[in-house]
Structure formats: C-alpha cells, structure tokens
Amino acid sequence: GISTRRYSEGVDAFLEGYGVSASVVSRRMVRATGEKVQELFSRSIAPLEIAVLMIDGVDVGGHTVVVVLGIDTTGKKHILGLRQGATENAVVVKGLLEELIARGLGIERPMLIVIDGAKALRKAVSDVLGKDTPVQRCTVHKKRNVLEHLGKGERSWVSRRMSQAYAQSDAQVARRDLLRLVEELRPINPSAARSLEEGLDESLTVQRLGLPEALRISLRSTNIIESANNGVRDRTRNVKRWRDGMQVERWSAAALLETEKAFRRIKGYRHMAVLLAALDNQRKQENKAA
C-alpha cells in the first residue's frame, strides 16, 4: 500500500518498527558486496576456454572501473575481472590482464581482443598478450569518433558510408571503401579523415578472419560488454554518496555478477568454430613468417 514516491518512508518505518538501524543494514551490505568481490577475484579462469576478450570501462561514482568480459569457445559470456582506476590507462589494464593470467587465463591459445580503440588499452594488450594478438576496434566507437569532427550536414552521408563498409564481408572491399572515404574527407575535414584512418585496419579484423555475418556483427563492436556495463549503471544509479573507492569496487563486482546470471550465448555462437580455426591459422602464418 505504499506509493512508489513514498517507498523510502515505508522502509524507514519498517526499520524502526523492527529495531533495525541503517548502520546495521549498511554493514550487511558491505559484508554481502565484499563477498561478491572475493567471489569475482578468487574464482579460477583456468577451466574456461576463452576465445574472445572484451575490455571496456564504466564510470561508477566518478571512478572508472575497467571490466574484462570473456567469451568461451561455445559462445558463453563470463565476467572475468575488474580493476578501478582514474581512467582506462595502460597501467590499470596491464595490471588487470596480468592478474587474469595469474588466475588461469590461457594465453597459449590465440584469442581475439575487442576494444573501443583507446590507445592505452591497445598498448596494454600489446605489452601483455603480444603485439601480434588480433585486435578488433569497435566500429561503433570508430564511427562516433569520426562523426564528432563533422558538422550536421556531413554526418548523415559519412555515417551511411561507414556502415556500408563495415557491413561488407570482404575485408579488402571494406578497406577500399573506407580509404576512399578518407580521401573524400580530407578537403572537407582533415581531422575527421585522420580519425577514420587511425587504426582503420583493426576495425576490419572480423572481416579478415572471414567470420560469418551473425558472428561478425557480434564481435565487431563492444556492444556485448556495454550491455554488462549497463547492468552496473542500473544497479548503482540510486547511490547518492560514494564514500570511497572500495565501495565502488564492491558495488561494481556485485552488479556485474548479478548481471552475469542473465547472460545468454552471443548471436552467431554456432559459428565459433570458424573463429577458432581462423585464429589458429593466423598464428600459424605468423610463426611461418617469423
């Protein structure tokens, strides 16, 4: 019988009526969320056959929490770990990746790494997993970065051309179309042209690997991990005051593990064998070249 606008009054009355203080509730929350942190940080990754790593950051209480999500060889998603930092800097990400390896992340198997394109993330991946590790730059972030340089009059047709290129199944065709767009943008907006050209080849990794369309769409952006990050935002948005970084870490871990319970396989998971074969073949080619 309590309206949604007055639910807080009802909770306060309930606590008073049963002699439960806010501090007791707070201590229980600290204990519960602390257990979630321990669960996330201590569980072994070794049994998971991870084929894809997605790395992204989410803002929680003014702090950046870097999250790593793994996709195994059957297309199942797993929250692997998180680390709090001021930004998505290379030191934070490098430390997180090294921690995952210590917990059993198998780096002897080739993996695809999907990131938003931040240089710090790319450097950390190279430093820890090797410079030849295949990386897919998020096409959603790439498009957003390019369009931010443009006026309203150019955004529509540039967005359409980029979408058409990223929808191509042939990497060479997509690359040709994007390079053509770079040349068209140079006299209009050199900054937009440079933004598109930077890391262009890594925005086409899923095409070069020859992935079927459904799987290609799933892995060409960080949308999958963004969905998990939205779970953190939803579960923390009503927190009005963050006391410290430990509270941010506890809430983020708890929110991620709750979100993980509703995970389903990625779209295109039936084609994961194609990805595994392509990654193995790429590594063999690299070893031959070396």
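Bear in mind the structure is a predicted one, so any value in this text is a computation, not a measurement. (Residues numbered from 1 in each chain as written. Predicted model: local features only at pLDDT ≥ 70, side-chain atom pairs only at ≥ 80, totals over all residues. Heavy atoms only, no water.)

1. Examining the layout of surface pockets
Part 1 of the argument: When its volume is computed, the second largest pocket comes out at roughly 420 Å³.
Part 2 of the argument: Elements represented by at least two residues in the lining of the second largest pocket include exactly α10 (213–219) and α11 (223–236).
Part 3 of the argument: Here the residues of the lining of the second largest pocket sort into six nonpolar, five polar and four charged. (1 Å grid on protein atoms, 1.4 Å probe; cavity = no way out; pocket = protein on both sides within 12 Å on 5 of 7 lines; lining within 4 Å. Points joined across faces, edges and corners; volume = space filled by probe spheres on them. Helix = DSSP H or I, 4+ residues; strand = E, 2+ residues; numbered from the N terminus. Nonpolar A, V, L, I, M, F, W, Y, C, P; charged D, E, K, R; others polar.)

2. Quick word on the side chain of aspartate 177
Part 1 of the argument: By secondary structure assignment, the location of aspartate 177 is in helix α7 (residues 171–185).
Part 2 of the argument: Filtering out sequence-adjacent residues up to four positions away, aspartate 177 remains in contact with Ala165 and Gln168. (Contact = heavy atoms within 4.5 Å.)

3. What to know about the nonpolar core
Part 1 of the argument: Counting residues in hydrophobic clusters, the biggest one holds 32 residues, and the most contacted among them are Val52, Ile71, Leu112, Leu219 and Leu275.
Part 2 of the argument: Contributions of two or more residues to this core are made by β1 (50–60), β2 (63–72), β3 (77–85), β4 (112–115), α10, α11, α12 (245–260) and α13 (272–289).
Part 3 of the argument: Here this core gets five residues from one element, more than from any other, and that element is β1.
Part 4 of the argument: Once residues within four sequence positions are removed from consideration, leucine 219 is found in contact with Val52, Met54, Ile71, Leu112, Val114, Gln136, Val206, Leu211, Ile266 and Leu275.
Part 5 of the argument: Val93, Leu100, Met111 and Ala124 belong to the second-largest nonpolar core, a separate cluster that totals 22 residues. (Core = buried A, V, L, I, M, F, W, Y, C linked by side-chain atoms within 4.5 Å. Buried < 20%, exposed > 50% of the residue type's maximum accessible area, 1.4 Å probe, protein only.)

4. What to know about helix α4 (residues 119–129)
Part 1 of the argument: Turning to α4, its buried residues are Leu121, Arg122, Ala124, Val125, Val128 and Leu129. Looking straight down α4, one finds its buried side chains confined to an arc of 160 degrees; they lie on one side.
Part 2 of the argument: Lining the buried residues of α4 we find β1, α3 (90–102), β4 and β5 (135–137). (Arc of directions from axis to C-beta.)

5. Concerning the packing of helix α5 (residues 139–147) against helix α8 (residues 190–197)
Part 1 of the argument: Between α5 and α8, whose axes approach to 8 Å, the crossing angle comes to 165 degrees. Accordingly, the angle class assigned to the pair α5 and α8 is roughly antiparallel. By crossing handedness, the relation of α5 to α8 is classed as right-handed. When α5 is examined against α8, the residues Lys142, Asn145 and Val146 are found in contact with a partner set consisting of Ala192, Ser195 and Leu196.
Part 2 of the argument: Looking at the contact of α5 with α8 residue by residue, the classes come out as three nonpolar, two polar and one charged. (Axes fitted to C-alpha atoms, helices over the stretch in contact; angles between N-to-C directions. Parallel < 35°, antiparallel > 145°, perpendicular 65-115°, else oblique. Left-handed = near helix turned anticlockwise from the far one by under 90°.)

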